[in-house]
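# Residue-level structure breakdown
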Amino acid sequence: MKVKEIMKTLEAKHPGEKEYLQAVEEVLVSIEKVYNEHPEFEKAKIIERLVEPDRIFTFRVTWVNDKGEVCTNLGYRVQFNAALGAYKGGLRFHPAVNVSMLKLLGFEQIFKNSLTNLPLGGGKGGADFDPTGKSDAEIMRFCQAFMYELWRNIGPDQDSPAGDVGVGGREIGYLYGAYKKLAREHSTGALTGKSYGWGGSLIRPEATGFGAMYYVERMVKQKKENMKGKKIALSGFGNVAWGAATKAVEMGAKVVAISGPDGVCEIKDGITKEMIDYMLDMRASNRNKVEDMATKFPKLAKFTAGKKAWSVKCDIAMPCAFQNELSEDDAKMLIKNGVKYVAEVSNMGCQPGAIAAFQKAKLPFAPGKAVNAGGVATSGLEICQNAGHINWTAEEVDVKLHKIMNDIYDMCVEYGKKGNTIDYVKGANIAGFMRVAKAMLAQGII
Ligand code: 2IT
């Protein structure tokens, strides 16, 4: 395999799909050497097959808003690769959603799901629907209209969507309600991230953030340090940032910044339990403004419009919002301000220039597909519980999640160790890739 040649072909075939091409290139560069040591991979054209989704569904979603107006959005589901199991991955509702974005996320999902060591293939979906400012009834009608189209193509042994940006517990409730009505399947893992009591798993809401902190704790320990008093800057204030903040405080760390599209809230003395709880209200309001935190807690949080979380001095930076949210300039500012660790929690949260800057500065940098895998792993555990018609306790789920994150960390070290340093990007990409490639090889040319 020659990365340059493959990228040239892909660029010609999929012009303008920038995010997708960026994600593919990152993985290919990491695995090139290992891949070329396995002529059987090349013979079976594993890479050429892996970079193209198995199939993509694109569909029209028409719904009626509260004013009685008819609105039309575009819905998608990318079923990327099923070598390890049924397709699995979230749904994103955001106005910028397009095929390139979902192919990037679906591609990443293959390797992330592989890292969990669970039988999960990779997929992703969503719609260019903007939840900002929508009423609860509008969200419900949109979710129902979305499911009219998608229901035939999902199921626990076929494809199991979950939440992502813009899709949380409320949306999964509406989507699942519509799915049950249409499919007449009433007790399944066709969707995960359901609420506890009707098929959901305890700890699933917290899992992405908890898992990320378990991973970060290992990165910190590796440097013979601990989490006590570490200053953490998080971007976003959604489900992922909420889970990470909860666990960070439990570990004795201090969350000193959260952010939103409107700016940053600096929290000098560290986020409190009340503030973490308020993040849930902020998300439920659909206002998408982090300034609300400073309005509610004026003595504790200081809002600055137009600034990112990376402008706040911290020991650990954790992007928790959107792809490419942390630029090279942001990275340089973090480095100048003394950041010691960077862990992507959003999928592909850092731009290539930012990753290069962190690596050049010899800072431990871990990629999203490893750090945020706790979310999908716990979705996998939800499917297990649904299949067995059983609910595990929060402790049982948390113990399994913690073990999965420890195992992922160990795999990243195994494949990413270079002398005294660890290339977590390489480690995650190679470890994730090898399992998928071996499965594809064993399953023949299909
Ligand atoms: O990016 C992700 O891993 C998710 N949005 C969660 C996917 C899932 O199926 O739980």
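Our structure's up above, just so we're on the same page.
Attention in this report is confined to the structure presented alongside it. All values reported here derive from a predicted model rather than from experimental measurement.

Thresholds applied
Here the residue numbering is sequential within each chain, running from 1 through the sequence in written order. pLDDT decides what is reported in this predicted model: residues at 70 or higher carry local features, side-chain atom pairs at 80 or more are listed and counted, and totals for whole chains, interfaces and linings draw on all residues regardless. Each side-chain value is worked out from all heavy atoms of the structure, with water and hydrogens disregarded. Helix and strand assignments follow DSSP, with helices taken as H or I runs no shorter than four residues and strands as E runs no shorter than two, numbered in order from the N terminus. In this treatment the radius of gyration is a C-alpha quantity, and the globule benchmark scales as 2.2 Å times the residue count to the 0.38 power. For the exposure calls, accessible area comes from a 1.4 Å probe over protein chains only, and a residue counts as buried if that area is under 20% of its type's maximum, exposed if over 50%, partly exposed in between. Between two residues, a contact is recorded if the distance between any of their heavy atoms is within 4.5 Å. In short, Shrake-Rupley with a 1.4 Å probe defines the accessible areas, and a residue's cover is counted only from the protein chains shown. Charged residues are defined narrowly, with Lys and Arg counted positive, Asp and Glu counted negative, and His plus the chain ends left uncounted. Think of each charge as sitting on NZ of Lys, CZ of Arg, CG of Asp or CD of Glu. Each axis is a line fitted through C-alpha atoms, taken for helices only over the stretch in contact, and angles between the N-to-C directions span 0 to 180 degrees. Each angle is binned into one of four classes, with values under 35 degrees roughly parallel, values over 145 roughly antiparallel, values of 65 to 115 roughly perpendicular, and all other values oblique. The sense of a crossing depends on the near helix, which, turned anticlockwise from the far helix by less than a right angle, makes the crossing left-handed and, turned clockwise, makes it right-handed. All residues other than Ala, Val, Leu, Ile, Met, Phe, Trp, Tyr, Cys, Pro, Asp, Glu, Lys and Arg, Gly among them, are scored as polar; the first ten of these are nonpolar and the last four charged. Every helix has an expected span of 1.5 Å times one less than the residues it contains. Distance and chemistry together define a polar contact, namely a pair of N or O atoms within 3.5 Å, with one atom able to donate a hydrogen and the other to accept it when in protein, and with adjacent residues in sequence counting only for side-chain atoms on both sides. Two strands form a pair only when DSSP identifies at least two bridges running between them.

## So, the overall build of the protein
The helix and strand inventory of the protein stands at 17 helices and 14 strands. For a compact globule of 446 residues, the expected C-alpha radius of gyration is about 22 Å, and the protein comes in at 21 Å, within 12% of that figure. The buried share of the protein, reckoned over its 446 residues, is 58%. Across the protein, contacts joining residues at least 24 apart in sequence account for 73% of those joining residues at least 6 apart. For the protein, the accessible area works out to roughly 18400 Å², and carbon and sulfur atoms hold 53% of it. Averaged over its 60 positive side-chain charges, the protein has a centre that lies 3 Å from the centre of its 52 negative ones.

## Focus: the packing of helix α2 (residues 18-36) against helix α17 (residues 424-442)
To characterise two packed helices, one gives the angle between the axes of the helices and the distance between these axes. Their axes nearest at 9 Å, the elements α2 and α17 cross at an angle of 70°. The orientation of α2 with respect to α17, classified from their angle, is roughly perpendicular. In this structure, α2 meets α17 at a crossing whose hand is right-handed. Every residue of α17 that contacts α2 at Glu-26, Val-27, Ser-30, Ile-31, Val-34 and Tyr-35 is listed here: Val-425, Lys-426, Asn-429, Ile-430, Phe-433 and Met-434. Broken down by class, the residue content of the contact of α2 with α17 amounts to 8 nonpolar, 2 polar and 2 charged.

## With respect to the packing of α2 against helix α5 (residues 99-115)
Their axes nearest at 6 Å, the elements α2 and α5 cross at an angle of 25°. Judged by the inter-axis angle, α2 sits roughly parallel to α5. Facing α2, whose interface residues are Lys-18, Glu-19, Tyr-20, Ala-23, Val-24 and Val-27, α5 presents Ser-100, Met-101, Lys-103, Leu-104, Phe-107, Glu-108 and Phe-111.

## Digging into α17
For α17, with 19 residues, the first-to-last C-alpha span of 27 Å sits near the 27 Å given by 1.5 Å per residue. α17 sits mainly inside the fold: 14 of its 19 residues count as buried. For α17, the N-terminal capping position is held by Asp-423, with its side-chain oxygen 3.2 Å away from the main-chain nitrogen of Val-425. Note on α17: the residue one or two positions beyond its end, Gly-444, has a positive phi of about 85°.

## What to know about the sheet that holds strand β7 (residues 254-260)
Pairing is mixed in the open sheet, where 7 strands are placed in the order β9-β8-β7-β6-β10-β11-β12. Edge positions in the sheet fall to β9 (302-305) and β12 (365-366), since each has one partner strand and no second. As paired elements, strand β10 (residues 316-318) and strand β11 (residues 341-343) share 2 bridges and run parallel to each other. Along β11, the bridge assignment pairs Ala-317 with Val-342.

## Considerations on helix α9 (residues 239-250)
With 12 residues, α9 extends 17 Å between its outermost C-alpha atoms, agreeing within 8% with the 16 Å of an ideal straight helix rising 1.5 Å per residue. Within the span of α9, buried status applies to Ala-241, Trp-242, Gly-243, Ala-244, Ala-245, Lys-247 and Ala-248. Of the surrounding elements, those touching the buried residues of α9 are α8 (204-222), β6 (231-234), β7, α10 (273-284) and α16 (394-416). Directly after α9, the chain includes Gly-252, whose backbone phi takes a positive value near 90°.

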